[in-house]
Every structure is written in C-alpha cells, then in structure tokens.
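# Overview (structure and organization)
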Amino acid sequence: MSSDKAKMTRAAMLRAARELIVERGIDRLSMDQLALRCEKSKGAVMYHFKTRRALLQALIEEYAEHMNGRLCRNEAWALSNLSEAERNDEEAKGRALIAAYVRWFREFDADSSEWAQVGVSLLALASHDPELLEPVRAWYRRLIARAEALPFRVRSKVIFCLMAMEGLFFTRKFSLDGMTADQKEAVFAEMRALLERA
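Description of the structure in this document. Quantities reported herein were computed from a predicted structural model and do not represent experimental measurements.

The N-to-C vectors of helix 4 (residues 52-80) and helix 8 (residues 134-148) enclose an angle of 25°; their axes lie 8 Å apart at closest approach. On the basis of the axis angle, helix 4 is roughly parallel to helix 8. Counting all contacts with helix 4, which are made through Q57, I60, E61, Y63, A64, M67, N68, L71 and E75, the residues of helix 8 involved are P135, V136, W139, Y140, L143 and R146.

Moving on, we get to the pattern of salt bridges. A full pass over the atoms with the stated rule returns 19 salt bridges. Between D109 and K184 there is a salt bridge, and its shortest N-O distance comes to 2.8 Å. Taken as a pair, D109 in helix 6 (residues 90-110) and K184 in helix 10 (residues 181-196) lie far apart in primary sequence, 75 residues in all. Judged by its relative accessible area of 23%, D109 falls in the partly exposed class. Note on K184: relative accessible area 5%, which makes it buried. For D177, the salt bridge identified is with K184, shortest N-O distance 2.5 Å. One network of salt bridges, in which partners are shared, links D109, R172, D177 and K184.

Here the focus is the layout of surface pockets. Counted as a void, the largest pocket has a volume near 340 Å³. In terms of lining, the largest pocket is formed by 18 residues, of which the most central are R95, A96, A99, R192 and E196. Elements with a contribution of two residues or more to the lining of the largest pocket: helix 4, helix 6 and helix 10. In terms of residue count, helix 6 provides more of the lining of the largest pocket than any other element does, eight residues in total. Residue classes in the lining of the largest pocket are distributed as eleven nonpolar, one polar and six charged.

The biggest cluster of nonpolar side chains holds 59 residues, and the ones touching the most others in it are L34, L55, L59, Y101 and V158. Breaking this core down by element, the ones donating at least two residues are helix 1 (3-24), helix 2 (31-38), helix 4, helix 6, helix 7 (113-124), helix 8, helix 9 (152-173) and helix 10. The leading source of residues in this core is helix 4, at ten residues. The contact partners of L34, leaving out residues within four places of it in the chain, are M13, A16, A17, L20, V45 and L55.

Reading guide: rules and limits
- All residue numbers refer to positions counted from 1 along the written sequence of the respective chain.
- Thresholds applied to this predicted model are a pLDDT of at least 70 for local features of residues and 80 or more for the giving and counting of side-chain atom pairs; totals over whole chains, interfaces and linings are not thresholded and use all residues.
- With hydrogens and water stripped out, all remaining heavy atoms of the structure feed into the side-chain values.
- Lines fitted to C-alpha atoms define the axes here, with helix axes fitted over just the stretch in contact, and angles between the N-to-C directions of these axes take values from 0 to 180 degrees.
- Numbering of helices and strands starts at the N terminus; helices are DSSP runs of H or I of at least 4 residues and strands are runs of E of at least 2.
- For this classification, under 35 degrees means roughly parallel, over 145 means roughly antiparallel, 65 to 115 means roughly perpendicular, and everything else is oblique.
- When checking whether two residues touch, look at their non-hydrogen atoms; a contact exists if any pair is within 4.5 Å.
- We count a salt bridge whenever a side-chain nitrogen from Lys or Arg sits within 4 Å of a carboxyl oxygen from Asp or Glu.
- Each residue's exposure class comes from its accessible area (1.4 Å probe, protein chains only) as a fraction of the maximum for that residue type: buried when under 20%, exposed when over 50%, partly exposed otherwise.
- For each structure, a 1 Å grid was placed over the protein atoms alone; sets of points admitting a 1.4 Å probe that cannot get out are labelled cavities, open sets with protein on both sides within 12 Å along at least five of seven lines are labelled pockets, and lining residues have an atom within 4 Å of a point.
- Grid points are joined across faces, edges and corners, and a volume is the space filled by probe spheres set on the points.
- Ten residues, namely Ala, Val, Leu, Ile, Met, Phe, Trp, Tyr, Cys and Pro, are considered nonpolar, four, namely Asp, Glu, Lys and Arg, are considered charged, and the remaining ones, Gly among them, are considered polar.
- Buried residues of nine kinds, namely Ala, Val, Leu, Ile, Met, Phe, Trp, Tyr and Cys, make up a nonpolar core once their side-chain atoms join them within 4.5 Å.

Have a look at this one:
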C-alpha cells in the first residue's frame, strides 16, 4: 500500500472511530465495529492499529494534535492583530496567547459536539490507563512552559488566565456549563483587564 494511500486509510479509520465514540461511547469501540464502519476487514484495521490500545493511542495523539492546531491557528490570528513593536514584546505575546485561547473557546462553545465528546471519552481513559494520556499531558506541559518563560510581571497572570479558560473548556465538555454568554464575556473582559495591568 502506498504511503499516501495508507495515510488516507488510517485517517479515515480514525475519523470513523471518532464517529463510533460519539454514537456508542468509547467502551463499545472495538476493532470489529471499526472494520464494519469502514467496510474493511478486521485484518485491514489491524494493519494500521495492532491492538485496541494502539487505536486509542492514535486517537489521543490526534486529539493532542487537534488541540495544538486550534491553538496555533488562533494564536496566529491574535499575533496578526499586534503592532510590529508588540510582536517583539513578550508581555504582548502573553496577552495574545490569552486572546487566542478566548477566541478558541468561543469557537468551541459555538460548535463543540464531536471533539467535546471524543475529548471527554479519551480523557476518561486516564482512570484505566494513565499512560495513554501522555500526549495530552505533554501538550499542557509545553503550554505552561511557554507561560513560565514570560516576564515575571505577566507570567502568573497568564497562567491564571490559561487555567480559567481550561475551567471553561472542561465545564463545557462535561455539559456542566451554567454560565450565560454574557457571563462568559464578562470573564473574558476581566482577563483582558488583568493582563493589561501587567
């Protein structure tokens, strides 16, 4: 199988696995169900994912890549809104990181169906196999390290805002979100004000 064709087949299988998680839950995700969904043999599925754990690992890696892609896209937007002088200012870049997170959350809040359900299901694996979540942990470590590298005056404020945003993400993912859109906008305004006082 050509490498391009293999990559496309693997990506289609991961997409089908996400659909199965959304429809049936992660506990019912099996190699047999994935083969049926993809209209492939179980052997074809196992060519790409030797075990169910390997499939779950690939899904978690894809989830971490998805998070990184969304943050990078929104951060590029935030940085494009900075002046030339601000682009060389570490504190301004810290504020841009939070602006990117806020924009990302707004997108997620407006349409989070598939990735929210998949994310919750994958994160729930931590209780059964904590090692599987290492790609997600590594993503968070890199994020916090970026904040730790900021100037002292803004560092703790950026970390505080990042963790506040994570709280908003997780309450939304777990369908525990009790805040109105106006309340969320007030939180975002407070974050901006906090960072501007840096």
